[in-house]
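Summary of structural features
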Amino acid sequence: MSAVPVIDLHTHSTASDGTDTPTELVIAAREASIDVLGITDHDTVAGWAEAEAAARDHGLALVRGIEISTTWHHGSIHLLGYLTDPHDVDLMGELAKARESRAKRLERMVALMADDGIPITYDEVLDQVAPGATPGRPHIADALIANGTIRHRDEAFREWLTNESPYYVKHYSPHPVRACELVRGAGGVPVLAHPFTRTRGETVTDALVEEMYAAGLAGLEAFHRDHGPSEVERALALARRLGLLVTGASDYHGVGKHNRLAEYTTAPEVFASIESQASAATPVVRR
Ligand code: AMP
Ligand code: FE
Ligand code: FE
Ligand code: ZN
């Protein structure tokens, strides 16, 4: 391990909308000199087992996590949940409900797009979703790449897939306060992902973060590509005021997004605090 361990606690695999399999993700993380990797696929733990085996093979520490989509007003807010018990009935039930709703919603979005003459079928989209993975809008983009309509996911998001698009359909997801309770109830540690991302319309208010804090929120992901200097400053000030941890991470999605592994990282003492707050149900995987 290097003098100061490199800790990247927010990445995606093919278990959701990343393009690396969990094994490829672990290998890429090792190549990027990461010592502690968090796998945080959207609304699922489906990548955990493969990632665990790969982490043991390749000798890096693995933090098994999730990124829960939540609904607040008209926006979607993402909550990272670290080291949750994968057998917790309440949390797993909620994630299963969200995944089912995501599949139906994607089918409706594709129907609206196809009706408008965009060359896409739902079968083509399903071809892009790994077995058992959480379906999302990026898989629509991937189908459009596969059939030669576009070159990169970015183009699909610019043209058709934003929350303001006429083709956008919502899916079920819990309130962010409820999501904090569910993560804590499952023995895990909730951290608000990229709180002040500007690309999703409405951003989080301080009042909502205070409510989430009362429900067990442990930290804010202040250092993230979607934050400019003013968003970082706002997150740091809020974290200081409430006594929240401050994390940084890449939100790597393979070739699906421009985010590079370890472009932002988390301090070792912050990671130690996250680990100490988790129940023993899902320990950090170490060799
Ligand atoms: P969904 O989970 O279906 O609501 O889709 C949201 C996901 O789309 C996010 O988790 C991002 O990973 C991805 N996304 C959003 N904007 C872009 C973009 N411009 N390029 C690639 N992926 C994006
Ligand atoms: Fe994503
Ligand atoms: Fe996110
Ligand atoms: Zn993410």
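The preceding data block contains the structure.
Residues numbered from 1 in each chain as written. Chains lettered and ligands numbered in written order. Predicted model: local features only at pLDDT ≥ 70, side-chain atom pairs only at ≥ 80, totals over all residues. Heavy atoms only, no water.

Attention now moves to the overall build of the protein. The number of helices and strands found in the protein is 10 helices and 7 strands. Since a compact globule built from 287 residues should have a radius of gyration of about 19 Å, the 18 Å found for the protein is in line with a globular shape. Each of the three principal axes of the protein carries a C-alpha extent, and together these read 55 × 45 × 40 Å. Taking all 287 residues of the protein together, 57% fall into the buried category. For the protein, the computed accessible surface area is about 11,900 Å², with 52% contributed by carbon and sulfur atoms. (Helix = DSSP H or I, 4+ residues; strand = E, 2+ residues; numbered from the N terminus. Rg over C-alpha atoms; globule rule 2.2 N^0.38 Å. Buried < 20%, exposed > 50% of the residue type's maximum accessible area, 1.4 Å probe, protein only. Areas by Shrake-Rupley, 256 points an atom, 1.4 Å probe, with all protein chains shown as cover.)

For the zinc ion (ligand 4), the protein coordination sphere consists of His10 (NE2), His12 (NE2), Glu67 (OE) and Asp251 (OD), at 2.1 to 2.2 Å. What the 4 donor atoms of the zinc ion (ligand 4) show is an angle range of 80 to 173° at the metal, which sorts the shape as irregular. For the zinc ion (ligand 4), all donor residues lie on one chain, and their spacing in sequence is H-x1-H-x54-E-x183-D. In this structure, the zinc ion (ligand 4) lies 4.7 Å from the iron ion (ligand 2). By relative accessible area, histidine 10 is classed as buried at 0%. Taking the relative accessible area as the measure of exposure, histidine 12 reaches 0% and is therefore buried. (Donors = N, O, S within 2.8 Å, 3.2 Å for Na, K, Ca; no water. Tetrahedral: all angles 85-135°; square planar, octahedral: opposite > 155°, others 65-115°.)

A few words on the packing of aromatic side chains. One pass over the full model with this rule turns up 0 aromatic pairs. The ring of tyrosine 172 has lysine 97 sitting right over it, with the charged end atom 4.3 Å from the ring centre. (Phe/Tyr/Trp six-rings, centres within 6.5 Å; stacked < 30°, edge-to-face > 60°. Lys NZ or Arg CZ within 6 Å of the ring centre and 35° of its normal.)

All right, on to the coordination of the iron ion (ligand 2) then. Only Asp17 (OD), Asp17 (OD), His42 (NE2) and His253 (NE2) from the protein reach the iron ion (ligand 2) as donors, at distances of 2.1 to 2.8 Å. Geometry at the iron ion (ligand 2) is irregular, judged from its 6 donor atoms and the angles of 51 to 155° they form at the metal. Counting along the primary sequence, the residues that act as donors to the iron ion (ligand 2) give the motif D-x24-H-x210-H. For aspartate 17, a relative accessible area of 8% gives the class buried.

To continue, consider the nonpolar core. Counting residues in hydrophobic clusters, the biggest one holds 47 residues, and the most contacted among them are Leu37, Leu91, Leu192, Val209, Met212, Leu217 and Leu220. Among the elements that take part in this core, helix α7 (residues 176-185) stands out by supplying 5 residues, more than any other. With near-sequence residues (within four places) excluded, leucine 192 lies in contact with Ile77, His78, Leu79, Val204, Val209, Met212, Leu217, Gly219, Leu220 and Glu221. (Core = buried A, V, L, I, M, F, W, Y, C linked by side-chain atoms within 4.5 Å. Contact = heavy atoms within 4.5 Å.)

This part covers the site of ligand 1. Taken together, 13 residues lie around ligand 1, and His42, Arg105, Arg137, Asp154 and His253 are the ones closest in. The contact in question runs from an oxygen atom of ligand 1 to an N or O atom on the side chain of aspartate 17, over 3.1 Å. Compared with its free state, where it exposes 500 Å², ligand 1 has 84% of that area covered by protein. Only α3 (89-115), α5 (137-146) and α6 (153-161) provide two or more residues apiece to the shell around ligand 1. With 3 residues, the top contributor of residues to the shell around ligand 1 is α6. Taken together, the residues of the shell around ligand 1 break down into 2 nonpolar, 4 polar and 7 charged. (Near = heavy atom within 4 Å. Polar contact = N/O pair within 3.5 Å; in protein donor to acceptor, adjacent residues only side chain to side chain. Nonpolar A, V, L, I, M, F, W, Y, C, P; charged D, E, K, R; others polar.)

Here the focus is unusual backbone geometry. Unusually for a residue other than glycine, serine 33 sits at a positive phi of about 65°. Located in the positive-phi region is alanine 262, a residue other than glycine, with phi close to 65°. You can see alanine 262 is positioned in the loop between β7 (245-248) and α10 (268-277).

The next subject is the sheet that holds strand β5 (residues 189-192). Sheet architecture is open: 7 strands sit in the order β1-β2-β3-β4-β5-β6-β7, paired in mixed fashion. Each end of this open sheet is capped by a strand with a single partner; those strands are β1 (7-8) and β7. Where strand β4 (residues 75-82) lies against β5, 4 bridges are found, and the strand directions are antiparallel. Within the sheet, the bridge partner assigned to leucine 80 lies in β5 and is valine 191. Against the sheet, helix α9 (residues 229-242) engages β6 (219-223) and β7, with an angle of about 155° to β6. (Pairing = 2+ DSSP bridges. Axes fitted to C-alpha atoms, helices over the stretch in contact; angles between N-to-C directions.)

What follows deals with the pairing of strand β2 (residues 36-42). Burial analysis of β2 places 7 of its 7 residues in the buried class, the great majority of the element. With burial as the criterion, each face of β2 is covered, one bearing Val36, Gly38, Thr40 and His42 and the other bearing Leu37, Ile39 and Asp41. With 2 bridges connecting them, β1 and β2 associate as parallel partners. Along β2, the bridge assignment pairs aspartate 8 with leucine 37. For the handedness criterion, the β-α-β arrangement of β1, helix α1 (residues 22-31) and β2 is classed as right-handed. Two elements, β2 and strand β3 (residues 61-72), share 7 bridges in a ladder whose sense is parallel. When the bridges of β3 are listed, threonine 40 appears paired with glycine 65. (Right-handed = clockwise from strand over helix to strand, strands pointing away.)

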